[in-house]
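# Observations on the three-dimensional arrangement
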Amino acid sequence: MDRYCVFGNPIAHSKSPEIHAAYAAQTGQELRYEKRLAPLDGFAAAVHAFIAEGGLGANVTVPFKLEAVKVANALTIRAQAAGAVNTLHFTEDGIIGDNTDGAGLVADIVGNAGVAITGKRVLLLGAGGAARGVVLPILEHRPAQLVIANRTVATAVALAEQFAALGGEGVVSGCGFADIEGGFDIVINATSASLGAEVPPVSPSVFAPGALALDMMYSKSPTVFLQFAAQHGARLRDGLGMLVEQAAEAFSVWRGVRPVTGEVLQQLRDQL
Ligand code: NDP
């Protein structure tokens, strides 16, 4: 049977095997997808061992997304833009490194939440790995503005500069949390502040009337960021949809067929 896996450390918490098993059943594809704990100093060896066993592809999660760039023989444009790889495809031409996180986020916003990005003002909080991966897919939808704000201001400014030409005149900018001006239609929390039950110190005025607030983190109850956004009138969305959508995108890279995500998203939500 065709074999895939997810590499991480730790990995026990991963929902990916469940998600891909559901996609395989839904699309009638015969495959096996397992979790693999890679040693912190042995990621590349673990990948090559899996290939030797007949593996056809793998997802990559914390802390190996940067190392996966080096393991790949070639990168897709979106993986190059992200500077990180979450999907490996083992082909006759070598190991292809891809990044489906950003496409997953955009599919969740546009497809599942029904919120267009085109012509909207978008605020991206954070400039780490997750934020970096979503900039290109967001810009492909032509927002009116994309402001990247981060605790370490220089990182936000550098990330904005990297994409300035692609976004068009004055569309992409970077700043600190205190320098954000005006309200936004879509506010994405790509910081890891929610892990420590902290809210990035932004003004409530960042939420324009009817704004969508999305926290990339997910948990049973709304994160502190989503609670803050709710108090200021925003519509809420957590990162579970992004997780399910990035997996659907990886599945379609490997199998050439894109699964429908709604039922799987609901199943995972019920199990939180
Ligand atoms: P990184 O460690 O690469 O980046 C962390 C970012 O958060 C940096 O911008 C950092 O700022 C900022 N930050 C950390 N602590 C705070 C704080 N207390 N206040 C304000 N800003 C803070 O992490 P990732 O980018 O990989 O992950 C970010 C989040 O996205 C995590 O919660 C992760 O779980 C989630 N995620 C969800 C996915 C999904 O499928 N739903 C996929 C990938 C990630 P600074 O530069 O100043 O350090």
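Residues numbered from 1 in each chain as written. Predicted model: local features only at pLDDT ≥ 70, side-chain atom pairs only at ≥ 80, totals over all residues. Heavy atoms only, no water.

This part takes up the overall build of the protein. Broken down by element type, the protein carries 10 helices and 12 strands. For 272 residues, the compact-globule estimate of 2.2 N^0.38 gives 19 Å, and the protein sits close to it at 18 Å. Considering only C-alpha atoms, the protein reaches an extent of 55 × 40 × 30 Å along its principal axes. Pairs at least 24 apart in sequence give 67% of the contacts found in the protein among residues at least 6 apart. In the structure as shown, the protein presents an accessible area of about 11,800 Å², 54% of it carried by carbon and sulfur atoms. When the 19 positive and 25 negative side-chain charges of the protein are each reduced to one mean point, those points stand 3 Å apart. (Helix = DSSP H or I, 4+ residues; strand = E, 2+ residues; numbered from the N terminus. Rg over C-alpha atoms; globule rule 2.2 N^0.38 Å. Contact = heavy atoms within 4.5 Å. Areas by Shrake-Rupley, 256 points an atom, 1.4 Å probe, with all protein chains shown as cover. Lys, Arg positive; Asp, Glu negative; His and termini not counted. Charge placed at Lys NZ, Arg CZ, Asp CG, Glu CD.)

Taken in spatial order, the 6 strands of this open sheet run 9-8-7-10-11-12, and their pairing is parallel. Strands at the two margins of the open sheet, each flanked by one partner only, are strand 9 (172-175) and strand 12 (235-237). When strand polarity is set aside, the average angle formed by the axes of neighbouring strands in this sheet is 20°. Sheet topology note: the strand 7 (residues 121-125)/strand 10 (residues 184-189) ladder contains 4 bridges and is parallel. Considered in strand 10, the bridge of Leu-123 is made with Val-187. (Pairing = 2+ DSSP bridges. Axes fitted to C-alpha atoms, helices over the stretch in contact; angles between N-to-C directions.)

In the vicinity of the ligand there are 19 residues, among which Gly-129, Ala-130, Asn-150, Thr-152 and Met-216 approach most closely. In this structure, Asn-150 approaches the ligand through a side-chain N or O atom, which is 2.8 Å from an oxygen atom. Taking Met-216, its main chain carries an N or O atom lying 2.9 Å from a nitrogen atom of the ligand. Here the ligand loses 74% of its free accessible area of 930 Å² to cover by the protein chains. Where the shell around the ligand is concerned, the elements lending two or more residues are helix 6 (129-139) and helix 9 (240-255). Classifying every residue of the shell around the ligand by side-chain character gives 8 nonpolar, 8 polar and 3 charged. (Near = heavy atom within 4 Å. Polar contact = N/O pair within 3.5 Å; in protein donor to acceptor, adjacent residues only side chain to side chain. Nonpolar A, V, L, I, M, F, W, Y, C, P; charged D, E, K, R; others polar.)

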